[in-house]
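Chains, contacts and geometry: an overview
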Amino acid sequence: LACPLTKSKACRYSRCRTYRLRSNADIRTHLGRYHLQLPFCPTCKNTFKNHAARDTHAKKTSCARSDAPDPPGVTQDQLRSIDAVHNRDKQQEWYAMFDILCPGVPHPASMYHEHSIFSEVL
């Protein structure tokens, strides 16, 4: 199976092609390990290695407001929604996860990696 993020942004997440994801449970684990959004300050959007560092930064309240988008990654809300996707067949479940992670993006033709010379080079 392909990581749903790889199917929406192949160049950005090309490293995911190296992981063997055999089930939707593997995908859930993969998302939590490799795609979790870093803790960030909602004011300045700086990211931190952990929540404690973010909280220390937030107590200072001396950062400048930023209109930058939130940092990339899977949010805790998305992970909770993905964890709630069960009791469907494998394909329905994979596409439900894709919809949570990539809202409004058309579904890829397949939930599997395509094997071609071009995709191997990519």
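Residues numbered from 1 in each chain as written. Predicted model: local features only at pLDDT ≥ 70, side-chain atom pairs only at ≥ 80, totals over all residues. Heavy atoms only, no water.

Per an unreviewed UniProt entry, the protein chain carries the name C2H2-type domain-containing protein and comes from Podospora australis.

With that settled, consider helix H2 (residues 24-34). Buried within H2 we find Asn 24, Ile 27, Arg 28, His 30 and Leu 31. Viewed along the axis of H2, the buried residues span an arc of 165°, placing them on a single side of the element. Among the structural elements, helix H1 (4-8), helix H4 (76-83) and helix H5 (90-101) are those in contact with the buried residues of H2. (Buried < 20%, exposed > 50% of the residue type's maximum accessible area, 1.4 Å probe, protein only. Helix = DSSP H or I, 4+ residues; strand = E, 2+ residues; numbered from the N terminus. Arc of directions from axis to C-beta. Contact = heavy atoms within 4.5 Å.)

We now examine the packing of H4 against H5. Each pair of packed helices gets described by two things: the angle between the helix axes and the distance between those axes. Viewed as axis vectors pointing N to C, H4 and H5 meet at an angle of 165°, and their least axial separation amounts to 10 Å. Between H4 and H5, the interaxial angle falls into the category roughly antiparallel. Here H4 and H5 pass one another in a crossing that is right-handed. Contact residues: H4 offers Gln 78, Ser 81 and Ile 82, while H5 offers Met 97, Ile 100 and Leu 101. Here the contact of H4 with H5 is composed, by residue class, of four nonpolar, two polar and no charged. (Axes fitted to C-alpha atoms, helices over the stretch in contact; angles between N-to-C directions. Parallel < 35°, antiparallel > 145°, perpendicular 65-115°, else oblique. Left-handed = near helix turned anticlockwise from the far one by under 90°. Nonpolar A, V, L, I, M, F, W, Y, C, P; charged D, E, K, R; others polar.)

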